[in-house]
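# A look at the structure
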Amino acid sequence: MKASKLISTRSVTTKLMTTASIGALLFGLSAAAQADNWRYAHEEYEGDVQDVFAYAFKEYIEENSDHTVQVYRFGELGESDDIMEQTQNGILQFVNQSPGFTGSLIPEAQIFFIPYLLPTDEETVLTFFDESKAINEMFPALYAEQGLELLKMYPEGEMVVTTDEPISSPEDMSNKKIRTMTNPLLSETYDAFGATPTPLPWGEVYGGLQTGIIDGQENPIFWIESGGLYEVSPHLTFTGHGWFTTAMMANQDFYEDLSDEDKELVQEASDAAYDHTIEHIKGLAGESLAKIQEASDEVTVTRLNEEQIQAFRERAPQVEEAFLGMTGERGAELLEQFKADLEAVTNE
């Protein structure tokens, strides 16, 4: 709307407005018209790690722009596969999804499920994610091939196995139906461990444990606590075999259409959310385990010693071979860089 037309249709009072004030009004209307509501879905419940990340991202965006962010938690828009499809189709602008589900789309993302590749020491893992060339330089190109702009990868917590009875060896895993995500390499891992991998959507896990359809599952301890899994699968085993990792990404067409200013805003918000979330997860596992033990007298906690861990670790090479078979030369290059990055942070 031009200023001259606006003045001609207003009252006498309006006609007395200065050119500067009219300009300010029009600028405000223009800014309001450019403000967008961005939709962001993740896989977890209120207060869980992905939720903490999403709301830190939302807060930064809304405090530093006129844009708003609508966050959708687990189940509000479907399962993990559903929200990924919605993001690729442009219905959602942002999504947080674990490589556990993305692995069928991006086979190389399954690298996080090679057992005993990542250390269990929290400080080392966090440094690795900060400094890894594999994560920060190689992964973005892999996600871009699927129409996704990878903004952040970050760890959520050490994986813990819960079962219907205590386990301390691969023999104890024999014939145990362990729930896995829809991830071929994760199935390979539990097959190597002697169990029967059983893919199952997250929404069916609690009921599956309760009814005996499955005998166990794996997740970070905070998720075992928030999802109440210890109520129906009370025997917790720290096997030391890996960390749960997740990735936050944007629809690439949406991202590329953003102004340079908004791209910078999104990057800064991702960085701020990452920093906030990393601080959040420090000590989270201990707090969650304490809550579980306070809530239930039936829970047992087994921390495998080095000899017991070695019995599982000896079975890891066949999973690495399976990864290379699924991913070829690109997977080999990624794994080589991954190991080099781990060695660098371990020797710091």
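- The protein chain has the name C4-dicarboxylate ABC transporter in an unreviewed UniProt entry, where Vreelandella andesensis is given as its organism.
- Recorded under Sequence similarities (unreviewed entry), the UniProt text for the protein chain is reproduced unchanged: "Belongs to the bacterial solute-binding protein 7 family."

### Here's the deal with the environment of Val160
- Along the chain, the position of Val160 falls in strand S4 (residues 148-163).
- Once the C-alpha coordinates of Val160 and Thr189 are considered, the two residues, 29 residues apart in sequence, prove to be 14 Å apart.
- Leave out the neighbours within four places in its chain, and Val160 touches Gln217, Glu218, Asn219, Ile221, Ile224, Leu236, Thr237 and Phe238.

### Remarks on the environment of Gly75
- Counting through the fold element by element, Gly75 comes out in the loop between strand S2 (68-72) and helix H5 (80-88).
- Distance in space between the C-alpha atoms of Gly75 and His42 is 9.2 Å, their sequence separation being 33 residues.

### Examining the pattern of salt bridges
- Using the criterion set out here, one finds 13 salt bridges in the structure.
- Measuring nitrogen to oxygen at the nearest pair gives 2.7 Å for the salt bridge that ties Asp164 to Lys176. Placement of the pair is Asp164 in the loop between S4 and helix H9 (170-173) and Lys176 in the loop between H9 and strand S5 (177-180), with a sequence separation of 12 residues.
- A salt bridge links Lys282 to Glu279; the shortest N-O distance between them is 2.9 Å.
- Residues participating in the shared-partner salt-bridge network are Glu46, Asp51 and Arg73.

### Things to note about the packing of aromatic side chains
- On inspection of all chains with the given rule, the structure shows 19 aromatic pairs.
- What links up through ring pairs into an aromatic cluster is the set Phe112, Phe128, Phe129, Phe139, Tyr143 and Phe338.
- The positively charged end of Lys152 is found above the aromatic ring belonging to Tyr274, 4.9 Å away from the centroid.
- Just above the ring of Phe238 sits the side chain of Arg303; from NZ or CZ to the centre is 4.0 Å.

### Some words on the packing of helix H4 (residues 49-63) against helix H14 (residues 260-281)
- Where H4 meets H14, the closest approach of the two axes is 8 Å, and the angle between their N-to-C directions is 140 degrees. One element, H4, and the other, H14, form an angle in the oblique class. Seen along the crossing, H4 lies across H14 with a hand that is right-handed. Residue-level inspection shows Val49, Val52, Phe53, Ala56, Phe57, Tyr60 and Ile61 of H4 in contact with H14, the latter providing Leu265, Val266, Glu268, Ala269, Ser270, Ala272, Ala273, Tyr274, His276, Thr277, His280 and Ile281.
- Considered class by class, the residues forming the contact of H4 with H14 number 14 nonpolar, four polar and one charged.

### Focus: the nonpolar core
- Counting 100 residues, the largest nonpolar core has Phe57, Phe94, Ile111, Phe112, Phe139, Tyr143 and Phe338 as its most contacted members.
- Ignoring any residue separated from it by four or fewer positions in sequence, one finds Tyr143 in contact with Pro99, Thr102, Ile106, Ala109, Leu148, Leu150, Met153, Ala247 and Met249.

### Digging into the pairing of strand S8 (residues 235-238)
- Burial along S8 is two-sided: the residues His235 and Thr237 and Leu236 and Phe238 are all buried.
- For S8 and strand S10 (residues 300-303), the ladder comprises four bridges, and the chain directions are parallel. For Phe238, the partnering residue across the bridge sits in S10 and is Arg303.

### Concerning the side chain of His235
- For His235, the position within the fold is in strand S8.
- Of the polar contacts made by the side chain of His235, one reaches the side chain of Thr300; its length is 2.7 Å.
- The residues contacting His235, other than those within four sequence positions of it, are Val161, Thr162, Thr163, Asp164, Glu165, Pro166, Glu298 and Thr300.

### Details of the pairing of S4
- Most of S4 sits out of view: 15 of its 16 residues are buried.
- Where S4 lies against strand S9 (residues 243-251), nine bridges are found, and the strand directions are antiparallel. From the neighbouring strand, Glu158 faces S9, where its bridge partner is Trp243.
- The pairing of S4 with strand S7 (residues 216-220) spans five bridges and is classified as antiparallel. Along S7, the bridge assignment pairs Val161 with Glu218.

### Comments concerning H5
- Within H5, burial applies to Ser80, Ile83, Met84, Gln86 and Thr87. Looking down the long axis of H5, one finds its buried residues gathered within 160 degrees of arc, a one-sided arrangement.
- Phi turns positive, to about 85 degrees, at Gly90, one or two residues after H5.

About the thresholds
- Counting restarts for each chain, with residues numbered from 1 along the sequence as it is written.
- Reporting in this predicted model follows two pLDDT cut-offs: at least 70 for local features of residues, and 80 or more for side-chain atom pairs to be given and counted; totals over whole chains, interfaces and linings ignore these cut-offs and use all residues.
- Only hydrogens and water are removed before side-chain values are computed, so all heavy atoms of the structure are retained for them.
- UniProt positions are given in the numbering used here, feature names are shortened, and annotations may be inferred rather than shown by experiment.
- In this description a helix means any DSSP run of H or I spanning at least four residues, a strand means any run of E spanning at least two, and both kinds are numbered starting from the N terminus.
- Here, two residues are considered to be in contact whenever any of their heavy atoms come within 4.5 Å of each other.
- Salt bridge, as used here, is a side-chain nitrogen of Lys or Arg placed within 4 Å of a carboxyl oxygen of Asp or Glu.
- Side-chain rings of Phe, Tyr and Trp (the six-membered ring for Trp) are treated as a pair once their centres are within 6.5 Å; stacked means planes under 30 degrees apart, edge-to-face means over 60, and tilted covers the remaining angles.
- In this scheme, Lys NZ or Arg CZ marks a charge over a ring once it lies within 6 Å of the ring centre and within 35 degrees of the ring normal.
- Here an angle of 0 to 180 degrees is reported between the N-to-C directions of two axes, which are lines fitted to C-alpha atoms, with helices fitted over the stretch in contact.
- The cut-offs work like this: below 35 degrees is roughly parallel, past 145 is roughly antiparallel, 65 to 115 is roughly perpendicular, and the gaps in between are oblique.
- By definition, turning the near helix anticlockwise from the far helix through less than a right angle yields a left-handed crossing, and turning it clockwise yields a right-handed one.
- Classification convention: Asp, Glu, Lys, Arg as charged; Ala, Val, Leu, Ile, Met, Phe, Trp, Tyr, Cys, Pro as nonpolar; all other residues, Gly among them, as polar.
- Note on terminology: a nonpolar core comprises buried Ala, Val, Leu, Ile, Met, Phe, Trp, Tyr and Cys residues joined through side-chain atoms within 4.5 Å.
- Burial status follows relative accessibility: with a 1.4 Å probe on protein chains alone, a residue under 20% of its type maximum counts as buried, one over 50% as exposed, and anything between as partly exposed.
- Whether two strands pair comes down to DSSP finding at least two bridges between them.
- Residues adjacent in sequence count toward polar contacts only when both atoms are side-chain atoms; beyond that, a polar contact is any pair of N or O atoms within 3.5 Å, and within protein one must be able to donate a hydrogen and the other to accept it.
- The directions considered for the arc are those from the helix axis to the C-beta atoms.

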